[in-house]
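Structural characterization, general
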Amino acid sequence: NAGVTQTPKFQVLKTGQSMTLQCAQDMNHEYMSWYRQDPGMGLRLIHYSVGAGITDQGEVPNGYNVSRSTTEDFPLRLLSAAPSQTSVYFCASSYSIILSGAAGYTFGSGTRLTVV
Amino acid sequence: KNQVEQSPQSLIILEGKNCTLQCNYTVSPFSNLRWYKQDTGRGPVSLTIMTFSENTKSNGRYTATLDADTKQSSLHITASQLSDSASYICVVSDRGSTLGRLYFGRGTQLTVWP
């Protein structure tokens, strides 16, 4: 049982390049989400999904796309990377769509992205 | 505006000592409050979750308290160990929608010295 797996762990991009951050979970969780974590700030929600085929925007969605073709995978796409997207990205999943459930979130180990 | 404020921003203590971290929130309507531990270079890991009716919850050397009237929570760490060095994040969930949005504090960076 691997939990939430994120790849890659580190990435450097040039401005304007595109890339996909991968996230996979093997816990049959319906709810998956992407956060970014910047120094001195709390985690901010980028996009989330409540099940396969269903996605929605979070707090800071601009410049990012997501899709959810399977329950297990929730990739995050950067269409045209900008220096402002330099951050640490975390994928998280939860069994309960209603977040008041006791399970809480399981976070991946993060992807550290630098855009130069 | 729904917010979660944590204090102190950083804290240094000696191994074996106790410490208390604070979390004040304005999130409404309140659903639950979680404390997460985030080691450097890792994702956050859940320590405790507390609902409106719970005042205290323990997880080993970690004890969380919640005062829903004053909208305050604390995380008490007993007999600190070097491995407790991490960022501790307070997360509050509302119940204004089916999904229950999460509000993250900025964290308290705890350093335990030998």
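Treat the numbers as computed from the prediction; the structure is a model and nothing was measured.

**A look at the packing of aromatic side chains**
In total, this model carries eleven aromatic pairs over all chains according to the counting rule given. Centre to centre, the rings of Tyr31(A) and Tyr105(A) are 5.8 Å apart; their planes meet at 15°, and the pair counts as stacked. One end of the pair, Tyr31(A), is in strand β4 (residues 31–37); the other, Tyr105(A), is in the loop between β9 (87–94) and β10 (106–107), with 74 residues separating them in the sequence. In this pair, the class of Tyr31(A) matches that of Tyr105(A), namely buried. Arranged with centres 5.2 Å apart and planes meeting at 25°, the rings of Tyr25(B) and Phe30(B) form a pair that is stacked.

**Side note on the side chain of Gln38(B)**
With respect to the element layout, Gln38(B) can be found in strand β4 (residues 30–38). At a separation of 2.9 Å, a polar atom in the side chain of Gln38(B) contacts the main-chain carbonyl oxygen of Arg42(B). If near-sequence neighbours (up to four positions away) are discounted, Gln38(B) is found in contact with Gln37(A), Phe90(A), Gly43(B), Pro44(B), Ala86(B), Ser87(B) and Ile89(B).

**A few points about a nonpolar patch on the surface**
Side chains of Ile12(B), Leu14(B) and Trp113(B) sit close together on the surface and give an oily, nonpolar patch of about 320 Å² of accessible area. Position of Ile12(B) among the secondary structure elements: in strand β2 (residues 10–14).

**Digging into the environment of Leu21(B)**
Residues and elements named next belong to chain B. Tracing the sequence through the fold places Leu-21 in strand β3 (residues 19–25). A relative accessible area of 0% means that Leu-21 is categorised as buried. Considering only alpha carbons, one finds Leu-21 and Cys-90, 69 residues apart in sequence, at a separation of 9.6 Å. For Leu-21, the residues in contact, after removing those within four places along its chain, are Ser-7, Leu-11, Trp-35, Ser-73, Ser-74, Leu-75, Tyr-88 and Thr-108.

**Observations concerning the nonpolar core**
In this structure, Val4(B), Tyr25(B), Leu33(B), Trp35(B), Leu75(B), Tyr88(B) and Val92(B) are the most contacted members of the largest nonpolar core, which totals 25 residues. Elements that contribute at least two residues to this core include exactly β3, β4, β5 (45–51), β7 (62–67), β8 (72–77), β9 (86–94) and β11 (108–113) of chain B. When residues no more than four places from it in sequence are discounted, the contact partners of Tyr88(B) are Gln6(B), Leu21(B), Trp35(B), Tyr36(B), Lys37(B), Leu47(B), Tyr62(B), Leu75(B), Ile77(B), Gly107(B), Thr108(B) and Leu110(B). The next biggest cluster of nonpolar side chains, apart from the first, holds 18 residues, and it includes Leu13(A), Met19(A), Leu21(A) and Tyr64(A).

**Quick look at the pattern of salt bridges**
On inspection of all chains with the given rule, the structure shows five salt bridges over all chains. One salt bridge in this structure joins Asp38(A) and Arg36(A), with 3.0 Å as the shortest N-O distance. Considered together, Asp38(A) and Arg36(A) belong to a single accessibility category, that of buried residues. Put simply, Lys37(B) and Asp39(B) hold a salt bridge, and the shortest N to O gap is 3.9 Å.

What counts, and at which threshold
- Residues numbered from 1 in each chain as written.
- Chains lettered and ligands numbered in written order.
- Predicted model: local features only at pLDDT ≥ 70, side-chain atom pairs only at ≥ 80, totals over all residues.
- Heavy atoms only, no water.
- Phe/Tyr/Trp six-rings, centres within 6.5 Å; stacked < 30°, edge-to-face > 60°.
- Helix = DSSP H or I, 4+ residues; strand = E, 2+ residues; numbered from the N terminus.
- Buried < 20%, exposed > 50% of the residue type's maximum accessible area, 1.4 Å probe, protein only.
- Polar contact = N/O pair within 3.5 Å; in protein donor to acceptor, adjacent residues only side chain to side chain.
- Contact = heavy atoms within 4.5 Å.
- Patch = residues over 30% accessible without salt bridge, like charges linked within 9 Å, V, L, I, M, F, W, Y side chains within 5 Å.
- Areas by Shrake-Rupley, 256 points an atom, 1.4 Å probe, with all protein chains shown as cover.
- Salt bridge = Lys/Arg side-chain N within 4 Å of Asp/Glu carboxyl O.
- Core = buried A, V, L, I, M, F, W, Y, C linked by side-chain atoms within 4.5 Å.

Everything listed here is a matter of geometry and, on its own, says nothing about what the molecule does.
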